[in-house]
Amino acid sequence: MTTKQPYRFIISGGGTGGHIYPALAVANEIRDQYPDSKILFVGAQGKMEMTKVPQAGYEILGLWISGLQRRLTIANVMFPIKVITSFFNAIKIVKKYKPDAILGFGGYASGPMMFAANSRKVPTLIQEQNSYAGLTNKKFAKKAKSICVAYEGMDKYFPASKIKLTGNPVRKDILSLDDKRTEAYNHFELDPSKKTVLILGGSLGARTVNRSIAGHLDRIIKEGHQLLWQTGKFYFNDMKKVAADYGSQNIKVHQFIERMDLAYASADVVVSRAGALSISELCLVGKPTILVPSPNVAEDHQTKNARSLSTAGAAILIRDSEAEKSLMNQVIDLLKDTEKQESLSKAIKEMGKPNATADIVSEVIRIMN
């Protein structure tokens, strides 16, 4: 395997932000360290990576691949044809592009690309974001040269000799927030004299979190606090109407927040789902955090993610089923308890891995040699 520069990489993964944003963070780090490198993304047609990756300045090719539905549909009948077609197209991409390494971040497109890499004897690196390994990553772990993980105990899914505990790669702009608070207040039109609660339910939204907040907006207003609220696209219109009924300038409703660095910088308390990427970012920004894990994920892995923090005194865990009754009470109590805020911040920062992205790039270069 030649490793003469400029290096050539294929990065595959997508379907959700939890796969896409770590992949983009690693691509950006490769570009920073090796500016002449060539980077090609491969995703699944029709999935969010097909827009997010070009927006970040990278070329992407789409495979005709999707998951199985739980009921009998035309898509399920087409599934074997999609898989076979995608595997052949993945091999064509590898033959044409001649990468020095292929990086898999999980998701539908990652499987065909890992298969193509193995068939062409191209070294592969897998990055697993969660405490519960995804199906594609487990399937191709045996032939991977390195497997970068964010949690201890992943040897129950992967060969222990290949595991590197790196943490999850995150965007660089959240690593230094101290000098961004004034900019954040101006950007979101927030009042610097009020405490800010940042609500994050993911890009699509979280029904329970949104309902838990919407049902108790009067508490936020009465207590003299303000809310920076990412509702997600499915709930934006409804939540905006609910907020408008209060006529308060202290409730800022957004479908999606692009400047997450400024959102974190403005926050005194954060309420979030417990996806792997969210937790990795929260560990680095070090804000007092309340986690409401989604119950609608494989093996309930968000609860496992959240529990790893709550047992270490690094976050408050509220079950989805209890959120509508107790979430706002916990938010108000935490805003009043500065000692609790300080202990949570200290503990969650100790769990952060700020060098994850650079460590993963070092692993990529190592396996190429």
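Everything that follows concerns the structure shown earlier in this document.
Everything quoted here is computed from the prediction, not taken from an experiment.

Caption draft 1: Spatial organisation of the pattern of salt bridges. Applying the stated criterion across every chain, the model contains 12 salt bridges. When the shortest N-O distance is used, the salt bridge between D261 and R259 registers 2.8 Å. On the accessibility criterion, R259 (32% relative accessible area) is partly exposed. The salt bridge involving E363 is made with R366; its shortest N-O contact spans 3.0 Å. With E363 and R366 both in helix α15 (residues 356-368) and 3 residues apart, the pair spans about one turn of that helix. Since its relative accessible area comes to 43%, R366 is described here as partly exposed. Each of K180, E183, R259 and D261 takes part in a single network of salt bridges with overlapping partners.

Caption draft 2: Fine view of helix α7 (residues 207-214). Among the 8 residues that make up α7, 6 are buried, leaving the element largely enclosed by the rest of the structure. The complete set of buried residues in α7 reads T208, V209, N210, S212, I213 and A214.

Caption draft 3: Just helix α1 (residues 17-33), in detail. In this model α1 runs 24 Å from its N-terminal to its C-terminal C-alpha over 17 residues, within 8% of the 24 Å that 1.5 Å per residue would give. Along α1, the residues that are buried comprise G17, H19, I20, P22, A23, L24, A25, V26, A27, E29 and I30.

Caption draft 4: Representation of the packing of aromatic side chains in the model. Applying the stated criterion to the full structure yields 6 aromatic pairs. Here Y7 and F9 contribute two aromatic rings whose centre-to-centre distance is 6.0 Å and whose plane-to-plane angle is 65°, an arrangement assigned as edge-to-face. Exposure class is identical for Y7 and F9. Each is buried. Here Y7 and Y34 contribute two aromatic rings whose centre-to-centre distance is 5.3 Å and whose plane-to-plane angle is 70°, an arrangement assigned as edge-to-face. Placement of Y7 in the segment before β1 (8-12) and of Y34 in the loop between α1 and β2 (38-44) is noted, with a sequence separation of 27 residues between them. Each member of the pair, Y7 together with Y34, is buried. Ring pairs connect the aromatic residues Y7, F9 and Y34, which therefore count as one cluster. Seen from the ring of Y97, R8 lies directly overhead, with NZ or CZ sitting 4.2 Å from the centre. Over the aromatic face of F256 sits the side chain of K52, whose NZ or CZ is 5.0 Å from the ring centroid.

Thresholds, definitions, all that
Numbers given for residues are sequential positions, taken from 1 along each chain in its written order. Totals for whole chains, interfaces and linings use every residue, but because this is a predicted model, local features are given only for residues with pLDDT of at least 70 and side-chain atom pairs only at 80 or more, for both listing and counting. Where side-chain values are given, they derive from all heavy atoms of the structure, hydrogens and water being excluded. A side-chain nitrogen of Lys or Arg and a carboxyl oxygen of Asp or Glu constitute a salt bridge if their distance falls within 4 Å. Residue exposure (1.4 Å probe, protein chains only): buried if accessible area is under 20% of the type maximum, exposed if over 50%, otherwise partly exposed. Secondary structure elements are taken from DSSP: a helix is a run of H or I of four residues or more, a strand is a run of E of two residues or more, and numbering for both begins at the N terminus. Here, expected helix span is obtained from the residue count minus one, scaled by 1.5 Å. For this analysis, a ring pair means two rings from Phe, Tyr or Trp (six-membered ring only for Trp) whose centres lie within 6.5 Å, classed as stacked if their planes differ by under 30 degrees, edge-to-face if by over 60, and tilted for the remaining angles. Charge-over-ring placement is defined geometrically: NZ (Lys) or CZ (Arg) within 6 Å of the ring centre, and within 35 degrees of the ring normal.

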